[in-house]
Amino acid sequence: MKGYRKVLIIFGGVMLLLFLLNMNHIILLFCNDEIKLSKVNLDNFDFANKAYVFMNPFEYMEDDLTELVYCSGWAFAETSQDNVNKKVTLILKGLKNTFITSECAMLADDIHRREGWKIIPGSNNNFAIWFSTINLPSDIYEIYVYVCENENVHGIASTGQSFKKEGVMLYEYPTGQICENIDIDKITNAIDYGWVTVEVLNECVMVSGWSAVNSICSEDATYYLCFIGNNNNTITLRQPNICRADVADYLDDNIYMMSGFKSGLNKENLPDEKGEVYVVIEYQNSFYLSRPEVYDISTDI
């Protein structure tokens, strides 16, 4: 009898251990399919059309058992055709694998009322979605929006946002591609308008805001961030333009709609512990320079 109880105790212990090791997977079995992610191959998608997107900062519910992330914003691809069956999904492009969400809920928007900018279809271009990262492998993920207006018009756009998944934790992570350095000492033209914020986060220095040059369409320009350390070492990033309807309203011209940016560097990639950050705009082989903003990680504990 004692031997039988011992076997039951051992069996129960093993089952409890297996449950704890697979608890995330078990919890997800009982979750709504709408919050689950699916692994995909980007080569199977049609990106023939350019999409336009604005996404609010994502919200991560780290205390939730299903590790939910909430994303919202607006997205569209230009078309004058019917889009009554419009579909929008988020794509999480990792260094190792890529995942896609279920279809976002589509809501009434204000962006379609903007005149003189793009051919904006319909009036339900706002999106909102919750998705679970409980089974998402640890990696760095860039967030894209995939828009299917109808069977003929499909497009994708970067949201300018990314995150690092590490265990059960998510951290905001910088986007941007390191490129050839720009000699800012040779730039004589100044950026006319802008607002730049430098923020020291857990693993990186994030730079966000908007910049514009008078009478230059921001969508036709290329944006860079130049990090220059106090040791004179330099790192330059090329960054995706982000839609900023508020800036176009402020400057009263739709040519400034794509004047936003959000990028940065991991602390280990910074040229020095202290330094300055410049925004550089390139347009038709001419360069324009912002005023410097200071970064400092020397006091990090």
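Structure: see above.
All figures in this text were calculated on a predicted structure; none of them were measured in a lab.

A. Highlighting the overall build of the chain. The secondary structure content of the chain amounts to three helices and 21 strands. Looking at the chain as a whole, 46% of its 301 residues are labelled buried. Nonlocal contacts in the chain, meaning residues at least 24 apart in sequence, comprise 67% of its contacts between residues at least 6 apart. Counting every atom, the chain has about 16,200 Å² of accessible surface; 50% of that belongs to carbon and sulfur.

B. Inspection of the pattern of salt bridges at higher detail. Taken as a whole, this structure holds 11 salt bridges when the rule is applied. Between Glu219 and Lys50 there is a salt bridge, with its nearest N and O atoms 2.9 Å apart. A residue pair is termed long-range when its members are at least 10 positions apart, and Glu219 in the loop between β15 (204-212) and β16 (222-229) and Lys50 in strand β2 (residues 49-55) qualify at 169 residues. Taking relative accessible area as the criterion, Lys50 reaches 45% and is therefore assigned partly exposed. Here Glu203 and Lys164 are joined by a salt bridge, their closest N and O atoms 3.3 Å apart. Of this pair, Glu203 sits in the loop between β14 (193-200) and β15 while Lys164 sits in strand β10 (residues 154-166); the two residues are 39 residues apart in sequence, bridging distant segments of the chain. Overlapping salt bridges, with partners in common, bring together Lys50, Lys118 and Glu219 in one network.

C. The environment of Glu199, seen in detail. Checked against the element boundaries, Glu199 lands in strand β14. Given a relative accessible area of 42%, Glu199 falls into the partly exposed group. Counting along the chain gives 65 residues from Glu199 to Gly264, while the straight-line C-alpha distance between them is 9.2 Å. Filtering out sequence-adjacent residues up to four positions away, Glu199 remains in contact with Cys204, Val205 and Met206.

D. Up close: the pairing of β2. The sheet contact formed by β2 and β10 spans two bridges and is parallel. Counterpart to Asn49 in the pairing with β10 is Gly155. Alignment of β2 against strand β4 (residues 68-77), held across five bridges, turns out to be antiparallel. In the sheet register, Phe54 faces β4, and the bridge partner there is Trp74.

E. Local environment of the side chain of Asn266. Within the secondary structure layout, Asn266 lies in strand β18 (residues 260-266). When neighbours within four sequence positions are excluded, Asn266 is seen to be in contact with Tyr173, Pro174, Glu203 and Cys204.

F. Structural context of unusual backbone geometry. The phi dihedral of Ser215 falls on the positive side, at around 70°, and the residue is not glycine. Mapped onto the elements of the fold, Ser215 is located in the loop between β15 and β16. Residue class for Ser215 comes out exposed when judged on its relative accessible area of 60%.

G. Up close: the state of the cysteines. Here the structure, examined in full by the defined rule, presents zero disulfides. Counting only cysteine sulfurs, Cys71 is the nearest neighbor of Cys104, a cysteine outside any disulfide, at a range of 8.0 Å. The class for Cys104 is buried, based on a relative accessible area of 8%.

H. Quick peek at the nonpolar core. In terms of nonpolar packing, the biggest core is built from 26 residues, with Cys71, Leu90, Phe127, Val145 and Phe163 touching the most fellow members. Secondary structure elements with two or more residues in this core: β2, β4, β5 (87-94), β8 (126-132), β9 (139-148) and β10. When residues no more than four places from it in sequence are discounted, the contact partners of Val145 are Val53, Ala75, Val88, Thr89, Leu90, Phe127, Gly155, Ile156, Ala157 and Thr159. If you look at the next biggest cluster of nonpolar residues, it comprises 21 residues, including Ile235, Leu270, Val279 and Ile297.

I. Up close: the packing of aromatic side chains. The tally for this structure, following the rule as stated, stands at 15 aromatic pairs. Between Tyr141 and Phe163 the ring centres are 5.5 Å apart and the planes differ by 35°, which places this aromatic pair in the tilted class. With Tyr141 in strand β9 and Phe163 in strand β10, the pair connects residues that are 22 residues apart, well separated along the chain. Overall, the relative accessible area of 1% leaves Tyr141 in the buried class. By way of ring pairs, the aromatic residues Tyr52, Phe54, Trp74, Phe76 and Trp117 are connected into one cluster.

J. Main features of the sheet that holds β18. Reading across from one edge, β14-β15-β18 is the order of the three strands in this open sheet, with antiparallel pairing throughout. Each of the sheet's edge strands pairs with one partner strand only, and the pair in question is β14 and β18. The average undirected angle you get between the axes of adjacent strands in this sheet is 15°. Of the pairings in the sheet, the one linking β15 to β18 comprises seven bridges and is antiparallel in character.

About the thresholds
- Within each chain, residue numbers correspond to sequence positions counted from 1 in written order.
- A pLDDT threshold of at least 70 governs which residues receive local features in this predicted model, and a stricter bar of 80 or more applies before side-chain atom pairs are shown or counted, although totals over entire chains, interfaces and linings include all residues.
- No hydrogens and no water enter the side-chain calculation; it runs on all heavy atoms of the structure.
- For the purposes of this entry, the term helix denotes a DSSP run of H or I that reaches at least four residues, the term strand denotes a run of E that reaches at least two, and both are numbered from the N terminus.
- The classification of residues rests on relative accessible area computed with a 1.4 Å probe and restricted to protein chains. Under 20% of the type maximum is buried, over 50% is exposed, and intermediate values are partly exposed.
- Any two residues whose heavy atoms approach within 4.5 Å are treated as being in contact.
- Only the protein chains shown count as cover for residues, and the accessible areas themselves come from Shrake-Rupley with a 1.4 Å probe.
- Should a side-chain nitrogen of Lys or Arg be within 4 Å of a carboxyl oxygen of Asp or Glu, the pair is scored as a salt bridge.
- A pair of strands counts as paired when DSSP detects no fewer than two bridges linking them.
- The definition used for a disulfide is geometric: two cysteine sulfur atoms within 2.5 Å.
- Residue types Ala, Val, Leu, Ile, Met, Phe, Trp, Tyr and Cys, when buried and joined through side-chain atoms within 4.5 Å, form a set referred to as a nonpolar core.
- Paired rings are identified among Phe, Tyr and Trp, the last through its six-membered ring, by centres lying within 6.5 Å, and are further divided according to the angle between planes into stacked (under 30 degrees), edge-to-face (over 60) and tilted (the rest).
- Here an angle of 0 to 180 degrees is reported between the N-to-C directions of two axes, which are lines fitted to C-alpha atoms, with helices fitted over the stretch in contact.

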